[in-house]
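Report on the structure
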Amino acid sequence: MTAMELTVDTGNVAELLNSILHKLEDPTEILSKLGAYAANEVRRNFTEGGRYQSEFSAVGGDKKWVAHSPVTEKIYESQGIRGPYSLLVQSGRLVQSITSRVEGKSVIVGTNVEYAAIHQFGSAKGAYEMLIKAHIRKRKVMASQILKSGKPGKIKPMNQNTSVRAHMRKSPAIPARPFMNIHPESLSRICAKLTSQLLNETNNDR
């Protein structure tokens, strides 16, 4: 009869688990790194033109944002804003406002921009009033110039500039363009980074 004796040394495993538990008692540093990564992934939604499944889901998907309407692009042109017109990054304020912060044992990713919810969830036509800045409206008209002789010349297309004062008007319908979400691929990488942070920092302590 052959006997085999197997000895398992659990000392290293116990040490590893204890070190992980110790780090989880105050995970501020780890959460701070993960929050920064998550915020960066939210900002990436802007460069990708949307990566969402619905405006109510924090988990992203493969849907892209609705393109600007021709009316919106004409408004930009009238205000002297040149294309190409990237979605939700006209001034860059919204995308730059995406930040993260640690609160206790949680990390929060968000924005403090007041109009963020309108873009996230969309709004119906006339839901609020918006300020239209003073601008020059350009349009083509059929007209003729007065010749030196005092007679009208040939009728032809001409540019006509009209000064428009600043005024308030009802908002158009704004489609939902959800940006506060993290794509499933990014979530997998975040989980991998969490594991790496715990194990690598633990191994460095040994």
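The residue numbering used here restarts from 1 in each chain and proceeds along that chain's sequence as written. This being a predicted model, a pLDDT of at least 70 is required before a residue's local features are given, and a value of 80 or more before pairs of side-chain atoms are given or counted; all residues contribute to the totals for chains, interfaces and linings. Each side-chain value is worked out from all heavy atoms of the structure, with water and hydrogens disregarded.

A word on the overall build of the chain. Numbering goes from the N terminus for both helices and strands, where a helix is a DSSP run of H or I of at least four residues and a strand is a run of E of at least two. Within the chain, the secondary structure is distributed over six helices and six strands. When its helices and strands are written in sequence order, the chain yields α-α-α-α-β-β-α-β-β-β-β-α. Three exposure classes are used, based on accessible area relative to the maximum for each residue type with a 1.4 Å probe and protein chains only: buried under 20%, partly exposed in between, and exposed over 50%. Evaluated residue by residue, the chain yields a buried proportion of 28% over its 206 residues. Here, residues are in contact when the closest pair of their heavy atoms is within 4.5 Å. For the chain, long-range pairs separated by at least 24 residues make up 66% of all intrachain contacts whose partners lie at least 6 apart in sequence. Residue exposure ignores everything except the shown protein chains as possible cover, and the areas themselves are Shrake-Rupley values with a 1.4 Å probe. Total accessible area computed for the chain in this model is approximately 14,500 Å², and 55% of it derives from carbon and sulfur atoms.

Another aspect to go through is the environment of Glu55. Tracing the sequence through the fold places Glu55 in the loop between helix H2 (28–48) and helix H3 (70–78). Expressed as a C-alpha distance, the spacing of Glu55 and His119, which sit 64 residues apart in the sequence, is 9.4 Å. Excluding anything up to four places from it in sequence, Glu55 contacts Gln120, Phe121, Ala176 and Pro178.

For Asn181, the location among the structural elements is in the loop between strand E6 (167–170) and helix H6 (184–205). In contact with Asn181, not counting residues within four places along its chain, are Val42, Asn45, Arg51, Tyr52, Ser57, Ala58, Val59 and Gly60.

Once that is clear, we can look at H2. Spanning 21 residues, H2 covers 30 Å between terminal C-alpha atoms, matching the ideal 30 Å at 1.5 Å per step. Those residues of H2 that fall on the buried side of the exposure criterion are Ile30, Leu31, Leu34, Gly35, Tyr37, Ala38, Ala39, Glu41, Val42, Asn45 and Phe46. In the stretch just after H2, Gly49 is the one whose phi turns positive, near 70°. Take the number of residues in a helix, subtract one, and multiply by 1.5 Å to get its expected span.

With that settled, the discussion passes to the pattern of salt bridges. Charged atoms that come close allow side chains of opposite charge to pair. For this analysis, a salt bridge means a side-chain nitrogen from Lys or Arg found within 4 Å of a carboxyl oxygen belonging to Asp or Glu. Scanning the entire structure with this criterion turns up eight salt bridges. Across the pair Arg51 and Glu41 runs a salt bridge whose closest N-O atoms are separated by 3.5 Å. With Arg51 in the loop between H2 and H3 and Glu41 in helix H2, this residue pair connects regions lying 10 residues apart in the sequence. Neither Arg51 nor Glu41 differs from the other in exposure class; each is buried. Of the charged contacts in the structure, one is a salt bridge between Arg44 and Glu48, with a shortest N-O distance of 3.5 Å. Taken together, the positions of Arg44 and Glu48, both in helix H2 and four residues apart, correspond to about one turn of that helix. Through salt bridges with shared partners, one network takes in Glu41, Arg44, Glu48, Arg51, Lys64 and Arg189.

Turning to the nonpolar core, a few remarks are in order. Ranked by size, the top nonpolar core spans 20 residues in total, and within it Phe46, Trp65, Leu94, Ile98, Phe179 and Ile190 carry the most contacts. Sorting the residues of this core by element identifies H2, helix H4 (93–96) and H6 as the ones contributing at least two each. A per-element tally of this core places H2 first, with seven residues. Other than its neighbours up to four places away in sequence, Trp65 contacts Asn45, Phe46, Gly49, Gly50, Tyr52, Leu87, Leu88, Arg177, Pro178 and Phe179. Here, nonpolar core means buried Ala, Val, Leu, Ile, Met, Phe, Trp, Tyr and Cys residues that are tied together by side-chain atoms lying within 4.5 Å of each other.

A word on the side chain of Asn45. Within the secondary structure layout, Asn45 lies in helix H2. Contact partners of Asn45, with chain neighbours within four places excluded, come to Gly50, Arg51, Trp65, Phe179 and Asn181.

To continue, consider the environment of Arg165. Inspection of the secondary structure assignment puts Arg165 in the loop between strand E5 (156–164) and E6. For the pair Arg165 and Ala134, spaced 31 residues apart in the sequence, the C-alpha separation amounts to 4.5 Å. Not counting residues up to four positions away in its chain, the partners in contact with Arg165 are Ile132 and Ala134.

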